[in-house]
Amino acid sequence: MQTPIYDYVRTYAKADAVRLHMPGHKGRGIGGDWLSAVYPLDITEIDGADSLYDADGIIRESEQNAAALFGTAATCYSAEGSSLAIRAMLAMMKQERRTVVAVRNVHRSFLSACVLLGLNVRWVYPEYTGGILSGEISPKAVEAVLRQVDGPACVYLTSPDYLGKCAHIAAIKAVCSRYQAPLLVDNAHGAHLALFEPSRHPIALGADLCCDSAHKMLPALTGAAYLHVGNPDYADRAKAAMALFGSTSPSYLILASLDLCNRYLEVQARPALRSVLRRLKLLRERCAPFVFYPGEELHLTICAAESGIDGHRLAQLLRAQGMIPEYYDHEFVVLLCSPATTDSELGKLEETLCGIIPLLGEKLEAEPFCAPQLITARSMRNAALGEYETISVEEASGRICAGVRVPCPPALPIAVSGEVIDDTCVNIFKRYGILRVDVVK
């Protein structure tokens, strides 16, 4: 497969031209280490380099290659992660004056986009099995909320969630079709799902719009992401929606990594994935005293508390052996693998986990969790963009949430802007170490 972006920046770097254009480093590094080698490849939108939001050259060619690989009506590159793609998806829904019906375990970029766009959100509350990070999404629950919406709507969900559980996308799409509601999927943690046979990717399962973070599960640079279009009606609008929020100076290093990723996906990714899946299956079997959370296979999520060890302690033991988890709390440790994870790395992980098995005790009881359904006192936009003060969570009950200092992973927002914080919220804040909250003055 051709790699037009990568080929262009490499050729330009070798030309040793006088760079009378941005960026200011002029292709010369300011250090003597490995970083200096990337400066010559870092360019801007000069003649021949195309323009990300008006692509008709090398970027367009590369994006068309990606669309063919993912089986989409169109695929647009993002150099600003899935966050940019999420804002673009929601902007298109705003243009159609749709009410957003959202399954509540969302990334913070969804909440900020709703504030910026002034969107009305109707929440679907999943039956949670993994605290604020994961849960079961019922198509019936989605339909129950859609039935209550007057006027056009869309459905937004996150799948896989942070622990790796995937939603019943095909079944939810069938519900959406009955209500002429586009289905939007935050698939930030699932770009690799297109490599399965048959494909498990949301676009293959019927999503109208979908975002993938290439850098999370594929060998691309941090910030590399896709906005995939399944419904051709949105193909000509996606770029303009991204341009509403995207930087006019996208990183060509990130774009080149997406370009190279196309060739990887075409040639190497599927056999690499099959190899990793076989090794992970073996690891799960050999480390059976550990309880693994059910979900897609590359999320090796250990139910630490259920296995008989505190998640913080398990993470500490892993780190001591040079293995750095993606995430951990009292109940879970998330270990993210990818097609690039090597057999030797998984062998070392298996050996370490087997060595920890003798330390496992009785199952640790997890604190019961129930998602609070709160009263809305103001719109999200009004509450988030108005005057606020920061107080301790102990003082927050009865106050209107302006914004919560939440962690980055997609998760159940304990309270969103405009909702009235109650005692249940306060207890959940404390449970997850959130001790300060912004409230409306």
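Note: the structure precedes this text.
Residues numbered from 1 in each chain as written. Predicted model: local features only at pLDDT ≥ 70, side-chain atom pairs only at ≥ 80, totals over all residues. Heavy atoms only, no water.

1. A short note on the overall build of the chain
- When helices and strands are counted, the chain shows 15 helices and 15 strands.
- In terms of its C-alpha atoms, the chain occupies a principal-axis envelope of roughly 65 × 55 × 45 Å.
- In the chain, once contacts between residues fewer than 6 apart in sequence are set aside, the share between residues at least 24 apart is 71%.
- Here the chain holds 42 positive side-chain charges and 49 negative ones, and the gap between their average locations is 1 Å. (Helix = DSSP H or I, 4+ residues; strand = E, 2+ residues; numbered from the N terminus. Contact = heavy atoms within 4.5 Å. Lys, Arg positive; Asp, Glu negative; His and termini not counted. Charge placed at Lys NZ, Arg CZ, Asp CG, Glu CD.)

2. Thoughts on the pattern of salt bridges
- Within this structure, the stated rule accounts for 17 salt bridges.
- A salt bridge links R279 to D343; the nearest nitrogen and oxygen atoms lie 3.4 Å apart. Of this pair, R279 sits in helix α10 (residues 269-286) while D343 sits in helix α13 (residues 343-356), and the two are 64 residues apart along the sequence.
- The exposure class assigned to R279 is buried, which follows from its relative accessible area of 11%. (Salt bridge = Lys/Arg side-chain N within 4 Å of Asp/Glu carboxyl O. Buried < 20%, exposed > 50% of the residue type's maximum accessible area, 1.4 Å probe, protein only.)

3. Notes on the packing of helix α5 (residues 139-148) against helix α6 (residues 169-178)
- The N-to-C vectors of α5 and α6 enclose an angle of 20°; their axes lie 9 Å apart at closest approach. Considering their axes alone, α5 and α6 lie roughly parallel with respect to each other. Like other packed secondary-structure pairs, α5 and α6 cross with a definite hand, here right-handed. Contact residues: P139, V142, E143 and L146 in α5; A171, I172, V175, C176 and R178 in α6.
- Class assignment for the residues of the contact of α5 with α6 results in 7 nonpolar, no polar and 2 charged. (Axes fitted to C-alpha atoms, helices over the stretch in contact; angles between N-to-C directions. Parallel < 35°, antiparallel > 145°, perpendicular 65-115°, else oblique. Left-handed = near helix turned anticlockwise from the far one by under 90°. Nonpolar A, V, L, I, M, F, W, Y, C, P; charged D, E, K, R; others polar.)

4. Focus on the packing of helix α1 (residues 4-15) against helix α9 (residues 252-267)
- Interhelical geometry of α1 versus α9 gives an angle of 130° and a closest axis separation of 7 Å. Considering the angle they form, α1 stands oblique to α9. In this structure, α1 uses P4, I5, Y6 and V9 to contact α9, whose residues at the interface are Y252, L255, A256, D259 and L260.
- The residue inventory of the contact of α1 with α9, partitioned by class, reads 8 nonpolar, no polar and 1 charged.

5. Regarding the sheet that holds strand β2 (residues 99-103)
- The sheet built from 7 strands is open, its strands ordered β1-β9-β8-β7-β6-β2-β3 with mixed pairing. In this open sheet, the two strands that pair with only one neighbour each are β1 (74-78) and β3 (121-124). Sheet twist, expressed as the average angle between the axes of neighbouring strands with direction ignored, equals 20°.
- Examined bridge by bridge, strand β7 (residues 183-186) and strand β8 (residues 209-213) share 3 bridges and lie parallel to one another. In the sheet register, V185 faces β8, and the bridge partner there is C210.
- Helix α3 (residues 81-95) contacts β1, β2, β6 (153-158), β7, β8 and β9 (225-229) of the sheet and is inclined by roughly 170° relative to β8.
- Of the strands in this sheet, β1 and β9 touch α9, which is tilted by about 135° from β1. (Pairing = 2+ DSSP bridges.)

6. Observations regarding the pairing of β3
- With 4 bridges joining them, β2 and β3 adopt parallel strand pairing. Across the sheet, the residue bridging to A102 is W123, located in β3.
- Read from β2 through helix α4 (residues 108-117) to β3, the crossover connection turns out right-handed. (Right-handed = clockwise from strand over helix to strand, strands pointing away.)

7. Here we look at the environment of T99
- Within the secondary structure layout, T99 lies in strand β2.
- Among the residues examined, T99 registers a relative accessible area of 16% and is labelled buried.
- Note: C-alpha distance between T99 and E197 (98 residues apart in sequence) is 35 Å.
- Dropping the residues within four chain positions of it, T99 is found in contact with N120, R122, V149, P152, A153 and C154.

8. Quick word on the state of the cysteines
- Counting across every chain of the model gives 0 disulfides.
- Note on C176: no disulfide assigned, nearest cysteine sulfur contributed by C154 at a separation of 8.7 Å. (Disulfide = S-S within 2.5 Å.)

9. As for the sheet that holds strand β15 (residues 436-440)
- The antiparallel open sheet is built from 3 strands, whose spatial order is β13-β15-β14. Either end of the sheet is taken by a strand with one partner, and the two such strands are β13 (388-392) and β14 (401-404). If you compare each strand with its neighbour and ignore which way they point, the axes differ by 35° on average.
- Here β14 pairs with β15 via 3 bridges, running antiparallel. By the bridge assignment for β15, V404 is matched with V437.

10. Quick notes on the packing of aromatic side chains
- The final tally for this structure, using the stated rule, is 7 aromatic pairs.
- Between Y293 and F332, the aromatic rings sit 5.5 Å apart at their centres with planes inclined by 80°, giving edge-to-face as the arrangement. Pair noted here: Y293 is in the loop between α10 and β10 (299-303) and F332 is in strand β12 (residues 332-336), with a separation of 39 residues, a long-range link.
- Here a set of aromatic residues connected by ring pairs shows up, and it is made of F70, Y77 and Y226.
- Positioned above the aromatic ring of W123, the side-chain terminus of R104 is 4.8 Å from the ring centre.
- Positioned above the aromatic ring of F196, the side-chain terminus of R200 is 3.8 Å from the ring centre. (Phe/Tyr/Trp six-rings, centres within 6.5 Å; stacked < 30°, edge-to-face > 60°. Lys NZ or Arg CZ within 6 Å of the ring centre and 35° of its normal.)

11. Examining the environment of Y234
- Tracing the backbone shows Y234 in the loop between β9 and α8 (238-243).
- When the C-alpha atoms of Y234 and I203 are compared, they prove to be 13 Å apart, with 31 residues separating the residues in sequence.
- Once residues within four sequence positions are removed from consideration, Y234 is found in contact with M92, M93, E96, R98, P182, L209 and V229.

12. A look at the nonpolar core
- In terms of nonpolar packing, the biggest core is built from 96 residues, with L90, F110, Y156, Y226 and L314 touching the most fellow members.
- No other element matches the 9 residues that α3 contributes to this core.
- Once residues within four sequence positions are removed from consideration, L314 is found in contact with F290, I302, A304, I309, V333, L353 and I356.
- V393, A411, V426 and F429 belong to the second largest nonpolar core, which has 30 residues in total. (Core = buried A, V, L, I, M, F, W, Y, C linked by side-chain atoms within 4.5 Å.)

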